[in-house]
Amino acid sequence: MDLDLALVRAFTTTAGTLHFGRAAGELNTSQQALSKRIARLEELLAVRLFEREGGTRLTEAGQRFLPAAHEALTAGERAIAAVCGAGSAVRIDTWGHLYAPMRTVAQAVHALGPVRLEPGPGRDWPSVAQALLRGDTDLGLGRVHPLPGGGDAGITQRLVRLEPVDALVGPSHPLAGADALRPADLRDSTLWCPAELTRLDFLRRFADHFALTRRQDGPNLGLDHLAQHLRGSAGCFTLFPADAPLPDHAGLRAIPLVEPTPLYAWSLAWRESARHPQLDTLLRGFSETGRARRWLDYAPQRDWLPDTDHAKLAGRTLQ
């Protein structure tokens, strides 16, 4: 029996989501085409891999096949790497650099063992999307949002982390002594944006949603410059990931936001038609790390996401 790895990948992706529509989206294909691939694989193996009534779930045969299917894909990746250059590095561009995206990459890669990465600094999501489409990079990590004119057409994305953000203020801010704040408590403060607000989709949507009308933007000159600005501006604040490190000398207060807690959505992005041989290995690393660290915890009554991020939740594969 000849096993087609495209069929095997269709199976593992569907097994990861237990939803044919979401799996088809991840594979950048139609649900009908995906169903045909699964049916063809079941025909070749002479077993049913999924139960489809009352929700999609694996059969006993599907559960037995899943570990071996992952091994088959990994073997295929190794075979391609042997031809194309053993251990070819994965070029990964990140953006949102004040939020330290490489700490998320490092934690996921640590779970995998040695994987060669070639990090590159992306200016923003539109520029990384263009680099992916040109073939100048293999993978992107940052906050993905819809681009005008279909600028992200042909790019596949996967949500890998939802990170709470804090309100970051200087020691002289009137709310610096608070143990926690609601977003509405910040309406008398000025939101500092370390770039033109039109380029900072998350901050803009946060300010619009919570009616924060006082906004100021300026150049992104790094974390030290941001800290200096907040220390010298008693009425200013910005948002900063709760788990991201601040310099010891920053002299700032990071105050948790509650009722609701805003979440920053980190996603991986790649061009499906130019998958790197180690992509599936990397995706498994993010999945395993995400499960262990509860990176995709989300409760609608507790948390807030921009409307454009809600669609990403439907495709979550980490629980």
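Model, not experiment: these values are computed from the prediction. (Residues numbered from 1 in each chain as written. Predicted model: local features only at pLDDT ≥ 70, side-chain atom pairs only at ≥ 80, totals over all residues. Heavy atoms only, no water.)

### Comments concerning unusual backbone geometry
Part 1 of the reasoning: Each neighbour pair has its own omega, and for Glu259 with Pro260 the value is 0 degrees, a cis peptide bond.
Part 2 of the reasoning: With respect to the helices and strands, Pro260 occurs in the loop between strand 10 (253–256) and strand 11 (261–271).
Part 3 of the reasoning: Positive phi is not limited to glycine here, since Ala100 has a value of about 55 degrees.
Part 4 of the reasoning: When you line up the elements, Ala100 lands in the loop between strand 3 (90–94) and helix 5 (102–110).
Part 5 of the reasoning: Phi at Arg294 is positive, roughly 55 degrees, even though this residue is not glycine.
Part 6 of the reasoning: Within the secondary structure, Arg294 sits in the loop between helix 9 (279–293) and strand 12 (303–304).
Part 7 of the reasoning: Classification of Arg294 as exposed rests on a relative accessible area of 57%. (Helix = DSSP H or I, 4+ residues; strand = E, 2+ residues; numbered from the N terminus. Buried < 20%, exposed > 50% of the residue type's maximum accessible area, 1.4 Å probe, protein only.)

### Looking at the pairing of strand 9 (residues 236–241)
Part 1 of the reasoning: Counting buried residues along strand 9, 6 of its 6 residues qualify, which places the element largely inside the surrounding structure.
Part 2 of the reasoning: Burial along strand 9 is two-sided: the residues Cys236, Thr238 and Phe240 and Phe237, Leu239 and Pro241 are all buried.
Part 3 of the reasoning: Looking at chain direction, strand 6 (residues 155–169) and strand 9 are connected through 5 bridges and run antiparallel. What sits directly across from Ala167, in strand 9, is Leu239.
Part 4 of the reasoning: Where strand 7 (residues 190–193) lies against strand 9, 2 bridges are found, and the strand directions are parallel. Opposite Leu191, over in strand 9, you have Phe237 as the bridge partner. (Pairing = 2+ DSSP bridges.)

### Quick look at the pattern of salt bridges
If the charged atoms of two oppositely charged side chains come close together, the side chains can form a pair.
Part 1 of the reasoning: As enumerated under the stated definition, the model contains 22 salt bridges in all.
Part 2 of the reasoning: The salt bridge involving Asp185 is made with Arg182; its shortest N-O contact spans 3.1 Å.
Part 3 of the reasoning: Judged by its relative accessible area of 39%, Arg182 is partly exposed.
Part 4 of the reasoning: A cluster of three or more residues bridged by salt bridges with shared partners is formed by Arg143, Asp201, Arg204, Arg205, Asp309 and Lys312. (Salt bridge = Lys/Arg side-chain N within 4 Å of Asp/Glu carboxyl O.)

### Let's talk about helix 3 (residues 31–45)
Part 1 of the reasoning: With 15 residues, helix 3 ought to run about 21 Å at 1.5 Å a step, and its terminal C-alpha atoms sit 21 Å apart, in line with that.
Part 2 of the reasoning: Every buried residue of helix 3 is listed here: Leu34, Ile38, Leu41 and Glu42. Down the axis of helix 3, the sector holding all buried residues measures 100 degrees, keeping them to one side. Seen from the buried face of helix 3, the exposed residues on the opposite side, beyond 90 degrees, are Gln32, Lys36 and Glu43.
Part 3 of the reasoning: Following helix 3 by one or two positions, Ala46 has its phi on the positive side, about 60 degrees. (Expected span 1.5 Å × (residues − 1). Arc of directions from axis to C-beta.)

### Some details on the nonpolar core
Part 1 of the reasoning: In this structure, Tyr99, Leu139, Leu203, Phe237, Leu239 and Leu268 are the most contacted members of the largest nonpolar core, which totals 50 residues.
Part 2 of the reasoning: The biggest single contributor to this core is strand 6, with 5 residues.
Part 3 of the reasoning: In terms of nonpolar packing, the next biggest core, distinct from the first, is built from 18 residues, Val8, Ile38, Leu49 and Ala69 among them. (Core = buried A, V, L, I, M, F, W, Y, C linked by side-chain atoms within 4.5 Å.)

### Re the environment of Trp270
Part 1 of the reasoning: Residue placement: Trp270 occurs in strand 11.
Part 2 of the reasoning: Residues Trp270 and Ala61, spaced 209 residues apart in sequence, show a C-alpha to C-alpha distance of 31 Å.
Part 3 of the reasoning: Setting aside chain neighbours within four positions, we find Trp270 in contact with Glu26, Leu132, Asp138, Leu139, Gly154, Ile155, Thr156, Gln157, Arg158, Arg275, Leu279 and Leu283.
Part 4 of the reasoning: Here Glu272 takes part through its side chain, which lies 2.9 Å from a polar atom of the side chain of Trp270. (Contact = heavy atoms within 4.5 Å. Polar contact = N/O pair within 3.5 Å; in protein donor to acceptor, adjacent residues only side chain to side chain.)

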